[in-house]
Structures are given as structure tokens and as C-alpha cells.
Amino acid sequence: MKHSPEILRKEVEKELPRIGVRIVGQLKLRAPRDRGTLANAHAWEVDKRRLQLRIFNRKKYALYQSEGIGPQAVGGARKGKFPWGASGNPLKGWVRRRGIADKVQAAFKIKKRQTAINAAAFLVGRAIKEKGVRANRWFRGTIRSMRREVMSNMADVMTKTLILSGEKARREVMREIS
């Protein structure tokens, strides 16, 4: 029985990557979609020393998408600020893909397409700053919904490991008695 903690640790180390793959798969399915960039930025890593699984998203704006921004923000999201700098406004592509730039161009009789895109991105950005973006909590919700499954998997691993190590201990005792 003296070896059961090491056996258990090895089995848990084997199970953590499986759980990471499963959770990231669910996050990809539940993430908001425009071009799929956010959904494909999910990742996991195992800290073997601490025996921990860390799930994260590599995109900075994931927090804003999940927790909201502005007056409607939840918890850790910044309030009343743009999640990007002055250059490289990501809304330009979004307003173009959604047809919002075309509507702004027609409504304001703007001649140049790029000017309409810039104007539409500015208007949407200002609305986000003033009104915010509602949180949809897809990240937190996915983690919470999978908690029971993860706990069940870990309980199964621990039970199987303890049964196996218990059987090994019984064999050792029987060998010593014989």
C-alpha cells in the first residue's frame, strides 16, 4: 500500500489531458462565432507538479465576450473602456461582414467605402462604450456544466487506482504469508 499515492498520481496525470481535450471541445462548440477565431483559441495545459489542469483562451477579447463590457459587464471585465487600442479596431471587419457599413454608407450618403467602414466601426464602438455588451458567460457556463462530468471521471480514476493498489497489497501480504 505504500506505493498507492504514486500510482494514484500517475493515473490522475494521465486523466487530466483527456479532461482538458473534452472541456476545450465543449468550449469550441459553445463559443460565440463570427470567424471562429475565438473558438479556436481555447487551450489547456497540465501542471504536473501541482497536479492541476488550466483551461484558457489565448485571445485577449475572450473575457469581454464572455463577461461583457461597459455598464453590463460582470466581474472582471473593464467598465467603460474599449478592449482595443486606437489602431487596429477589430470592429472594422465586423461591420463590413455584417453589412452595417453598407447601411451607414447609404444613410449618411458617404461616397468612399473605407470612410463608411470607419464611421460604422466608430458608431458601434461608441455604443459599446456607452451601453456596453451583455455578458453571455459561455466560458464560465461551459466549465460549470462540465464540473459534474469531470468530478465523476476523477472519482472513477481514483476508485480504480485504489482497487488495483489494494489488490497488489493483498498479493504482497499473501506472498509474505506463504
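All values reported here derive from a predicted model rather than from experimental measurement.

(A) Representation of the nonpolar core. V12, I19, I23, L27, W138, V150 and M154 are the most contacted members of the largest nonpolar core, which has 16 residues in total. Elements supplying a minimum of two residues to this core: α1 (4-30) and α6 (138-177). Among all residues touching M154, those that are not within four sequence positions of it are V12, E15 and I19. Ranked by size, the runner-up nonpolar core spans 13 residues in total, among them V104, A116, I117 and A121.

(B) Inspection of the environment of N153 at higher detail. Inspection of the secondary structure puts N153 in helix α6. Using a relative accessible area of 25% as the deciding quantity, one classes N153 as partly exposed. Note: C-alpha distance between N153 and I19 (134 residues apart in sequence) is 8.3 Å. Beyond its immediate stretch of four places on either side in the chain, N153 contacts E15 and I19.

(C) Expanded view of the pattern of salt bridges. Using the criterion set out here, one finds nine salt bridges in the structure. Taking the shortest distance from any N to any O, the salt bridge between E11 and K14 comes out at 3.1 Å. Here E11 pairs with K14, and both are found in helix α1, just three residues apart, close to one helical turn. Between R140 and E67 there is a salt bridge, and its shortest N-O distance comes to 2.7 Å. Pair noted here: R140 is in helix α6 and E67 is in helix α2 (residues 62-67), with a separation of 73 residues, a long-range link. Members of the salt-bridge network, linked through shared partners, are D34, R97 and R98.

(D) How the structure looks around the packing of aromatic side chains. Tallied over the entire structure, the rule returns one aromatic pair. Here W138 and F139 contribute two aromatic rings whose centre-to-centre distance is 5.7 Å and whose plane-to-plane angle is 75°, an arrangement assigned as edge-to-face. Its relative accessible area of 6% is what places W138 among the buried residues. Residue placement shows R54 over the ring face of F56; its charged tip is 4.4 Å from the ring centre.

(E) Spatial organisation of the environment of V24. Position of V24 relative to the elements: it lies in helix α1. Of the residues examined, V24 reaches a relative accessible area of 8% and is grouped as buried. Expressed as a C-alpha distance, the spacing of V24 and F56, which sit 32 residues apart in the sequence, is 8.7 Å. Beyond its immediate chain neighbours, meaning those up to four positions away, V24 contacts H42, A43 and W44.

(F) Quick peek at the pairing of strand β1 (residues 42-47). Here β1 pairs with strand β2 (residues 52-57) via six bridges, running antiparallel. Within the sheet, the bridge partner assigned to D47 lies in β2 and is Q52. Taken together, β1 and the strand that follows it, β2, pair antiparallel across an intervening segment of four residues, in which L51 is found at a positive phi of about 60°.

(G) Looking closely at helix α5 (residues 113-131). For α5, with 19 residues, the first-to-last C-alpha span of 27 Å sits near the 27 Å given by 1.5 Å per residue. Against α3 (91-97) and α4 (100-107) lie the buried residues of α5. One or two residues past the end of α5 sits G132, with phi positive at roughly 85°.

Quick notes on the rules
- Residues numbered from 1 in each chain as written.
- Predicted model: local features only at pLDDT ≥ 70, side-chain atom pairs only at ≥ 80, totals over all residues.
- Heavy atoms only, no water.
- Core = buried A, V, L, I, M, F, W, Y, C linked by side-chain atoms within 4.5 Å.
- Buried < 20%, exposed > 50% of the residue type's maximum accessible area, 1.4 Å probe, protein only.
- Helix = DSSP H or I, 4+ residues; strand = E, 2+ residues; numbered from the N terminus.
- Contact = heavy atoms within 4.5 Å.
- Salt bridge = Lys/Arg side-chain N within 4 Å of Asp/Glu carboxyl O.
- Phe/Tyr/Trp six-rings, centres within 6.5 Å; stacked < 30°, edge-to-face > 60°.
- Lys NZ or Arg CZ within 6 Å of the ring centre and 35° of its normal.
- Pairing = 2+ DSSP bridges.
- Expected span 1.5 Å × (residues − 1).

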